[in-house]
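Structural characterization, general
Take a look at the letters that make up each chain.
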Amino acid sequence: MALDDDIESVLFSEEQISERVSELASQIDVDFNNTNTSPSSPVIVGVATGAFLFLADLVRKIKIPVVVDFIRAESYGSGTESNGAPRISFDLKIDIQGKHVILVEDIVDTGNTLACLIAHLKSKGASSISVCTLLDKPARRRVNFELVGKGKYYCGFECPDYFVVGYGLDFAELYRNLPYVGVLKPELYK
């Protein structure tokens, strides 16, 4: 089975992703390098499992000291639609009280999961919460979310309203290992 055969079209190539990840890392370096506003290293929190490739590439390109941890929120199961009620199934091991947190997501879709995660991290005492997402799909937004403190929103690409896989994004846990983001052929999930 060749995974590439299941892709209708490539939206963002491996080269485009690499270039954009470098740009995002550089912006994070600039924004968090001023020790007067950020006395401690930011905590990069990857949202498992979809953000793992993006997170790995991003942190390797960030030049300032960072701490890394993971959190898992489940809202999709094996379908293509969020159930609208995400739950935290794996929590942080690092204490984020008074810390600057950068939440790293694969995709911001309805906003349900992101709003849940931001509220959860805020309840743990983060002094600021920024979001860095590979893809933003504003056409599907149902829930507005608010960043915390002086949090910033970093976005790799705005994504059209297609069901996309690759570079960490999956359908039924498959396709994460594609080096690009592509549109999955609809006959495979409908």
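As recorded in an unreviewed UniProt entry, the chain goes by Hypoxanthine phosphoribosyltransferase and comes from Actinidia chinensis var. chinensis. For the record of the chain, the UniProt heading Catalytic activity (unreviewed entry) holds the text "IMP + diphosphate = hypoxanthine + 5-phospho-alpha-D-ribose 1-diphosphate". Looking at the chain in UniProt, the text filed under Subcellular location (unreviewed entry) is "Cytoplasm".

**So, the overall build of the chain**
Within the chain, the regular secondary structure consists of three helices and nine strands. Taken from the N to the C terminus, the helices and strands of the chain come in the order β-α-β-α-β-β-β-α-β-β-β-β. Taking the principal axes of its C-alpha atoms as reference, the chain extends roughly 50 × 35 × 30 Å. Within the chain, the fraction of its 190 residues that count as buried is 47%.

**Structural notes on the packing of aromatic side chains**
Scanning the model with the defined rule gives five aromatic pairs in all. Here the aromatic rings of Phe 12 and Phe 157 are separated by 4.2 Å at their centres, their planes lie at 20°, and the arrangement is stacked. Pair noted here: Phe 12 is in strand S1 (residues 7-12) and Phe 157 is in strand S7 (residues 153-158), with a separation of 145 residues, a long-range link. For Phe 12, a relative accessible area of 10% corresponds to the buried category. A network of ring pairs unites the aromatic residues Phe 163, Phe 171 and Tyr 189 as a single cluster.

**Side note on the pattern of salt bridges**
One pass over the structure, following the stated rule, counts nine salt bridges. A salt bridge links Asp 109 to Arg 140; the shortest N-O distance between them is 3.0 Å. Of this pair, Asp 109 sits in the loop between strand S5 (100-108) and helix H3 (112-123) while Arg 140 sits in the loop between strand S6 (128-136) and S7, and the two are 31 residues apart along the sequence. This pair shows no difference in class: Asp 109 is buried, exactly as Arg 140 is.

**Some details on the sheet that holds strand S3 (residues 67-74)**
As summarised here, the arrangement of the six strands in space is S4-S3-S2-S5-S6-S7, forming an open sheet in which the pairing is mixed. The open sheet has two free edges, formed respectively by strand S4 (87-90) and S7, since each of these has just one partner strand. Strand after strand, the sheet turns through a mean of 25° between neighbouring axes, direction not considered. Pairing geometry for strand S2 (residues 43-48) and S3, over six bridges, is parallel.

**Some details on the packing of helix H1 (residues 14-32) against helix H2 (residues 52-61)**
Their axes nearest at 8 Å, the elements H1 and H2 cross at an angle of 55°. The orientation of H1 with respect to H2, classified from their angle, is oblique. Here H1 and H2 pass one another in a crossing that is right-handed. The residues of H2 that touch H1, namely those facing Ser 18, Val 21, Ser 22, Leu 24, Ala 25, Ile 28 and Asp 29, are Phe 54, Asp 57, Leu 58 and Lys 61. A class-by-class count of the residues in the contact of H1 with H2 yields six nonpolar, two polar and three charged.

Procedures and definitions
Residues numbered from 1 in each chain as written. Predicted model: local features only at pLDDT ≥ 70, side-chain atom pairs only at ≥ 80, totals over all residues. Heavy atoms only, no water. UniProt positions renumbered as here; feature names shortened; annotations may be inferred. Helix = DSSP H or I, 4+ residues; strand = E, 2+ residues; numbered from the N terminus. Buried < 20%, exposed > 50% of the residue type's maximum accessible area, 1.4 Å probe, protein only. Phe/Tyr/Trp six-rings, centres within 6.5 Å; stacked < 30°, edge-to-face > 60°. Salt bridge = Lys/Arg side-chain N within 4 Å of Asp/Glu carboxyl O. Pairing = 2+ DSSP bridges. Axes fitted to C-alpha atoms, helices over the stretch in contact; angles between N-to-C directions. Parallel < 35°, antiparallel > 145°, perpendicular 65-115°, else oblique. Left-handed = near helix turned anticlockwise from the far one by under 90°. Contact = heavy atoms within 4.5 Å. Nonpolar A, V, L, I, M, F, W, Y, C, P; charged D, E, K, R; others polar.

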